[in-house]
Structure formats: C-alpha cells, structure tokens
Amino acid sequence: MKILIAEPQDFSPSVVAWLRERAEVDLRAIGPEEVAEALRSYDVFWFRLAFHLDATVLRPGLRCRIIATPVTGIDHIDEVRCAQLGIRIVCLRGEREFLKTIRATAELTIGILLSLLRHLSAASASVRAGTWDRDAFRGRELYGKTAGIVGCGRLGGIVATYLLAMGMRVLTYDPDPLAEIPPGVERLTTLAAVLAQSDVISLHVNYHPGNRGMLGTTALAQCKPGAVLVNTSRGGLIDEAALLAALQSGHLAGAALDVVDAERTVTASHPLVSYARENANLLLVPHIGGNTYESFTRTEQFIAERVVAAWADLPQNNS
C-alpha cells in the first residue's frame, strides 16, 4: 500500500511511524494542480480540507482506492463519483463514540462566542496600539441568557453542556427524532421556535445539499432581535448575503464564524471579510475548530487504523 499524505504540516510523527510499519508513506505538500497525478500514483490519498475532489480529478483508471480525510464533514469530496469509481472514503463521519473524545471544535465555539461578546480582538488591538481604555469595550455576559443549539448531535450536545455550566437556559432543535439530548436541555419541535427565543444561536448540523442556506432571509428574520449567531459547522448552512443584511440592519447583534461558504476562494475582497474589516460585530477565523495538536494526533491515529482495515478489506487484498 502506497500512501501520500498531501497536507503533512504538523502531522503526528508517531502516526507516521505506525503507518510506515505497514505501508510505504510519502509526506509531501502538493498544490491543486498535482492532485490528479497523485490520485494516479498512490493507493491512498490522505488530506484534510485543502482540495476539492470532484469529477475533474476523479476519473476512471486511477490507482487510488482510498481517500482519507480526518474530518466529519466531507462536502469537499464528491461521494457519488467515488462510489462510481469504487473509491472508499475513510473519514470521521458517524464515528460517534470516538468523536466524543474530540472536543476542540466545541471549545472553539465557546471561545469565539466569548471573543465576540467581550470584544477581545478589538480590545487587544487597541492595547497593542498603545491605548488603555476599558470603557470602549464594554461587553455582554452569557449567564442568565438563552442559547439555541441547532443540531444537538455530538458537538451540539457538548456545546450545550458547556453553556448549561455557564448558567444559560439551553434550547435545541434537531430534526433527528433519535438525537440524544443532554439532561437540562429543552427540546423544541421547530427551528423557528428556537430562533425566536435565543440570545445565542449556535449551528452544529451536518451539512448536506438539502440544508444548504437553511439560515436564509426567512430564518434570520425569525431570530430574536439582538441575537448573536455562531457557526463552527459548515459555511454553506448560512445564506451569507442574508447574514450581512441582518448584521447591517442590527437585527442580529453579531456573528462569529469559523467557516464560510467556498472557503478555498476567500480573499480580502470576500463580502464577509470586507464587512468584518470595518465592523466589530462580525468575527471570522479560518476554520480552526479542530486544529489542535491533541485532536490531530488522536484523529490521525484513528484514521490510520481505519485505512489499514479498509485496505485489507478490498477485494484484491482479501481473496
């Protein structure tokens, strides 16, 4: 088995050593123009979020049999095309028991929420510029407020427990009737009911084409006036033009986003980036939710074991 780890920065040395006892492993950062050749040259293509794998690179006759990506959301991979070509996708989607130990994104959700409410970025920049003015950065607290968790799966449930511990009333809407709702969290039957009552709205649903833009003009109008929105799930869940309109009108007091739509095309001229540059009520960070040393090591080892098992299960290796 020949594996290319195409995003090798900070890749766990212990996992590389483990893999090299079982396969030939190359660690080499590549550009988008090299992906097609890599898929023709390696049995396993391992990457995080740097590339979009669609029909332009997923073509018949590839050597690649396994695509490994240590994330839960795989909208950056054309699943239908992979199935047509007989390529297996090894990822973290659905690995609920393991993912309960991976809490980096849940922690970041609280971090960017507090940063937004307490103006931490602007306050720090002010001090670095030589100004010490505490009155310019009066913020807001979470205690006693109401939070709405949209999607109360693994991450949503963890965030809900964090917010309960901070003294918030926590509501949730989850379309899955089997979702395990943490004790103390109130489950409501409609998204609109949660939006209307929540001072803080946090998105934790799995992205798929059916819920693209689920928070658009109509849903955002249903939000409680002065609410703040946090998204550490996927950017495609929010209609970004509608979000900008809600921020500009003041209907939403603020938003903190770890994700935006079409992240690979983000530049300084992106509408959200342009707005955030001039307005303190929008906080943007570059999809760093799961980007911690601890989560990388644990998830890389988990994915490595799944890749080895998937390789052994392929028909040509299992006869």
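The name an unreviewed UniProt entry gives the chain is Hydroxyacid dehydrogenase, with Neolewinella lacunae as the organism. For the record of the chain, the UniProt heading Sequence similarities (unreviewed entry) holds the text "Belongs to the D-isomer specific 2-hydroxyacid dehydrogenase family."

Right, let's talk about empty space enclosed by the protein for a bit. For the coordinates displayed, the defined rule picks out 1 cavity of 30 Å³ or more. Here the largest cavity is characterised by a volume of approximately 60 Å³. For the lining of the largest cavity, a count of residues per class yields 4 nonpolar, 1 polar and 4 charged.

Computed from the structure, the second largest pocket encloses a volume of approximately 240 Å³. Forming the boundary of the second largest pocket are Arg118, Ala123, Ser126, Val127, Thr131, Trp132, Asp133, Arg134, Asp135, Phe137, Arg138 and Gly139. Of the residues forming the lining of the second largest pocket, the biggest block, 3 residues, is contributed by helix α6 (residues 120-128). Across the lining of the second largest pocket, the residue classes break down as 4 nonpolar, 3 polar and 5 charged.

Let us now look at the packing of helix α5 (residues 104-118) against helix α7 (residues 154-165). Where α5 contacts α7, the two axes come as close as 9 Å, and the packing angle between them is 50°. By the angle class used here, α5 and α7 are oblique. Between α5 and α7 lies a crossing of right-handed hand. Of the residues in α7, those touching α5 at Thr105, Ala106, Glu107, Thr109, Ile110 and Leu113 are Leu155, Ile158, Val159, Tyr162 and Leu163. Considered class by class, the residues forming the contact of α5 with α7 number 8 nonpolar, 2 polar and 1 charged.

Right, let's get into the packing of aromatic side chains. Applying the stated criterion to the full structure yields 5 aromatic pairs. For the pair Phe11 and Trp46, a centre-to-centre distance of 5.3 Å together with 75° between the ring planes defines the contact as edge-to-face. Highlighted residues: Phe11 in the loop between β1 (2-5) and α1 (13-20) and Trp46 in strand β3 (residues 44-46), separated in sequence by 35 residues. What makes Trp46 buried here is its relative accessible area of 1%. Between Phe45 and Phe51 the ring centres are 6.1 Å apart and the planes differ by 45°, which places this aromatic pair in the tilted class. The class of Phe51 is buried, set by a relative accessible area of 5%.

On any regular strand, side chains alternate: one points to one face of the sheet, the next to the other face. Burial along strand β9 (residues 200-203) is two-sided: the face carrying Val200 and Ser202 and the face carrying Ile201 and Leu203 are both buried. Sheet topology note: the strand β6 (residues 146-150)/β9 ladder contains 4 bridges and is parallel. What sits directly across from Gly148, in β9, is Ile201. Direction of pairing for β9 relative to strand β10 (residues 227-231): parallel, over a ladder of 4 bridges. When the sheet's bridge partners are listed, Leu203 is paired in β10 with Asn231.

Another point: the side chain of Thr232. Tracing the backbone through its elements, the reader meets Thr232 in the loop between β10 and α10 (240-249). For Thr232, the side chain forms a polar contact with the side chain of Thr109, separated by 2.9 Å. Dropping the residues within four chain positions of it, Thr232 is found in contact with Thr105, Leu108, Thr109, Ile112, Leu203, His204, Asp258 and Val259.

So, how was this worked out
- All chains use their own residue numbering, which begins from 1 and follows the written sequence.
- Confidence filtering applies because this is a predicted model: local features only for residues at pLDDT of at least 70, side-chain atom pairs given and counted only at 80 or more, and all residues used for totals across whole chains, interfaces and linings.
- Hydrogens and water are ignored here; the side-chain numbers use all heavy atoms of the structure.
- UniProt positions are given in the numbering used here, feature names are shortened, and annotations may be inferred rather than shown by experiment.
- Each cavity reported here is a set of points on a 1 Å grid over the protein atoms alone in which a 1.4 Å probe fits but cannot get out, each pocket an open set with protein on both sides within 12 Å along at least five of seven lines, and each lining residue one with an atom within 4 Å of a point.
- Grid points are joined across faces, edges and corners, and a volume is the space filled by probe spheres set on the points.
- Only Asp, Glu, Lys and Arg are considered charged, only Ala, Val, Leu, Ile, Met, Phe, Trp, Tyr, Cys and Pro nonpolar, and every remaining residue, Gly among them, polar.
- Under the DSSP-based scheme used, a helix requires at least four consecutive residues in state H or I and a strand at least two consecutive residues in state E, with every element numbered from the N terminus.
- Helix axes are fitted to C-alpha atoms over the stretch in contact, other axes to C-alpha atoms as well, and angles between N-to-C directions run from 0 to 180 degrees.
- Roughly parallel here means an angle under 35 degrees, roughly antiparallel means over 145, roughly perpendicular means 65 to 115, and every remaining angle is called oblique.
- Working rule for handedness: look at the near helix, and if it is turned counterclockwise from the far one by less than a right angle, call the crossing left-handed; if clockwise, right-handed.
- Any two residues whose heavy atoms approach within 4.5 Å are treated as being in contact.
- For this analysis, a ring pair means two rings from Phe, Tyr or Trp (six-membered ring only for Trp) whose centres lie within 6.5 Å, classed as stacked if their planes differ by under 30 degrees, edge-to-face if by over 60, and tilted for the remaining angles.
- Buried, partly exposed and exposed residues are distinguished by accessible area as a fraction of the type maximum, computed with a 1.4 Å probe on protein chains only: under 20%, between the cut-offs, and over 50%, respectively.
- Between any two strands, pairing holds if DSSP finds at least two bridges.
- A 3.5 Å cut-off defines polar contacts: any pair of N or O atoms within that distance qualifies, except that in protein one atom must be a possible hydrogen donor and the other a possible acceptor, and neighbouring residues in sequence count only when both atoms are side-chain atoms.

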